[in-house]
Amino acid sequence: MANGVTSGQALRPMQALGTQLWDENPIFRQVLGICSALAVTNLVFNTLLMCAGLVWATSMSSLTVSLMRRYIPDRVRVMVQVLIIAVYVIVVDIVFRVFFFETHKDIAAYVGLIITNCIVLGRLEGFAMRNRPLASLADGLGAALGYSFILLGVAGCRELLGFGTLLKNTAWQLTLLGGGDGAAWRHWTIMVVPPGAFFVLALMVWAARAWALRRQAAPAAPSAAAPAPEAAA
Amino acid sequence: MIAEAPHAAPGAALLIVLLSAALTDNILLTRFLGMCPFLSVSRELRSAFGMGLAVAFVTTGTCVLNYWLYRWLLVPLGRYGVPVESLKLILFIVVIAAFVQLMEMLIERVSLKLYFSLGIFLPLITVNCAILGGSLFMVNNVQTRGYGTAEVFVYGLGTGLGWFIAIMLMAGIRRRLKTAKVPAALEGPGITLIIAGIMAMAFVIFQGMIRL
């Protein structure tokens, strides 16, 4: 579990946030915690809610654990951490049930599963147990945001190709493909069903790593500005 | 999801529960639960076997325990206005963590050999989404399909078995993959995700092609 940045007592909050956002991005670097979120990525709005829940749960439990870190007995620390996460997840669950009743019905089980999302516990074990509250908050926030923007990317691809829309079934629905109400778009079933999530995410991981590898290979050449990685579908 | 067969013999009904939990509703490939250990522990056949077995065992055990607690503790309490939906999250995760801890201690006492082949995976299991997910979906099934103890036991077994099958398949494929040429950037998680996607397609076919 202990991964990512483990050293710095001196790590500043902003630094911690930035590191988690890109350099140690939980998905590209570690491919962690995709369990409970991939399942909801065929609609952007569901993903948005899931990500909001995750951002809240990760940052708040990082802060809480960091504040309590001297008082948590080592032997039962996973238990204590899980309970702290559970409390924040329950808050999310209740808020969603009140404000987004219809969507909540679809994703209720997955909201509960934020508790066992490896990213949350990973950040608590790997960072919050050893660092100051503010840095831990930033670290958790960064990890969750870094995770969210990738998931939103996956969700955007899947919904656009699957339904021809973005933010389907909400007041902000955008029909981008097929025109009209999107009925003219020939739905890509593969994007709607589970395998689509694996393929889209795999392509994104591939692209990100290819880019990182190229930058590693040519660190000196300044003109080699970000060659677009070809994620040929 | 398999169509319900209300008039079938009880044994046949249980078999349907088992098969649908293990194959058509495979918790890993159709619900994405337990992805992290699936990606990280599937490099070797032997460790995949240990992990899969441990997950199958814990899922079965905790599903039944959580069902009893839900049925005989939470639901009655709910009549007095206790928020069952919120409380079940905490209760389930505590039961899972305690179950795992107990298992670990027990296995360590009984057999060191077993401990080193299976026990080392146990601490990781508390945060395996498949286990908590199994219990949460179990509650859905209890509410919508009226599962009893026998069905819940079989459902837990099927869920665990499905996870076991998926990780064993993946470990087998990845072993063959060692001799294959994979683009550098695609190595590791990338190619594993693509394989998982192809496997998921196979499992989707069990479903008789999709509900949208």
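Report follows, based on the coordinates.

Conventions adopted
Residues numbered from 1 in each chain as written. Chains lettered and ligands numbered in written order. Predicted model: local features only at pLDDT ≥ 70, side-chain atom pairs only at ≥ 80, totals over all residues. Heavy atoms only, no water. Helix = DSSP H or I, 4+ residues; strand = E, 2+ residues; numbered from the N terminus. Rg over C-alpha atoms; globule rule 2.2 N^0.38 Å. Buried < 20%, exposed > 50% of the residue type's maximum accessible area, 1.4 Å probe, protein only. Contact = heavy atoms within 4.5 Å. Areas by Shrake-Rupley, 256 points an atom, 1.4 Å probe, with all protein chains shown as cover. Lys, Arg positive; Asp, Glu negative; His and termini not counted. Charge placed at Lys NZ, Arg CZ, Asp CG, Glu CD. Core = buried A, V, L, I, M, F, W, Y, C linked by side-chain atoms within 4.5 Å. Salt bridge = Lys/Arg side-chain N within 4 Å of Asp/Glu carboxyl O. Phe/Tyr/Trp six-rings, centres within 6.5 Å; stacked < 30°, edge-to-face > 60°. Lys NZ or Arg CZ within 6 Å of the ring centre and 35° of its normal. Buried area = accessible area lost by both parts, 1.4 Å probe. Polar contact = N/O pair within 3.5 Å; in protein donor to acceptor, adjacent residues only side chain to side chain.

Some thoughts on the overall build of chain B
Item 1. The secondary structure content of chain B amounts to nine helices and zero strands.
Item 2. Radius of gyration (C-alpha) of chain B: 18 Å, near the 17 Å computed for a compact globule of 212 residues.
Item 3. Dimensions of chain B, computed from C-alpha atoms along their principal axes, come out at roughly 60 × 45 × 30 Å.
Item 4. A buried classification covers 51% of the 212 residues belonging to chain B.
Item 5. Considering only contacts within chain B whose residues lie at least 6 apart along the sequence, 76% involve residues at least 24 apart.
Item 6. Accessible area of chain B: about 9,900 Å², with a carbon and sulfur share of 69%.
Item 7. Positive and negative charge centroids in chain B, built from 15 and 8 side chains respectively, lie 6 Å apart.

Let's talk about the nonpolar core
Residues and elements named next belong to chain B.
Item 1. Residues Leu33, Met35, Phe38, Ile125, Trp163 and Leu193 are the most contacted members of the largest nonpolar core, which totals 117 residues.
Item 2. A total of 10 residues in this core trace back to one element, the largest contributor, which is helix H3 (residues 45–78).
Item 3. In this structure, Phe38 is in contact with Leu28, Trp163, Ala166, Ile167, Met170 and Ala196, ignoring residues within four places of it in sequence.

Observations concerning the pattern of salt bridges
Residues and elements named next belong to chain A.
Item 1. If you walk through the whole model with that rule in mind, you get five salt bridges over all chains.
Item 2. Of the charged contacts in the structure, one is a salt bridge between Asp93 and Arg97, with a shortest N-O distance of 2.7 Å. Pair noted here: Asp93 and Arg97 are both in helix H4 (residues 77–99), with a separation of four residues, about one helical turn.
Item 3. Among the ionic pairs, Asp139 bridges to Arg123, the shortest N-O distance being 2.9 Å.

Side note on the packing of aromatic side chains
Item 1. One pass over the structure, following the stated rule, counts seven aromatic pairs over all chains.
Item 2. Taken together, a centroid distance of 5.8 Å and an interplanar angle of 65° make the contact between A:Phe45 and A:Phe100 edge-to-face. With A:Phe45 in helix H3 (residues 44–68) and A:Phe100 in the loop between H4 and helix H5 (101–112), this pair connects stretches of sequence that are 55 residues apart.
Item 3. Judged by relative accessible area, which is 11%, A:Phe45 ranks as buried.
Item 4. A cation sits over an aromatic face here: A:Arg215 above A:Trp211, 4.8 Å from the ring centre.
Item 5. For the cation-ring pair, B:Arg31 lies above B:Phe137, with the distance from its terminal atom to the ring centre recorded as 4.1 Å.

Structural notes on the environment of A:Leu63
Residues and elements named next belong to chain A.
Item 1. Along the chain, Leu63 falls in helix H3.
Item 2. For Leu63 and Leu141, which are 78 residues apart along the polypeptide, the C-alpha to C-alpha distance reads 9.8 Å.
Item 3. Ignoring sequence-local partners within four residues, the contact set of Leu63 consists of Pro133 and Leu137.

Examining the interface of chain A and chain B
Item 1. At the interface, 40 residues of chain A touch 42 residues of chain B.
Item 2. For the pairing of chain A and chain B, the buried interface totals around 3,600 Å² over both sides, and the portion due to carbon and sulfur atoms is 86%.
Item 3. The tally of links from chain A across to chain B stands at zero salt bridges.
Item 4. Connecting chain A to chain B are zero residue pairs in polar contact (both at pLDDT 80 or more).
Item 5. Sort the elements by how many residues they give to the side of chain A that touches chain B and helix H9 (residues 194–217) of chain A lands first, with 12 residues.

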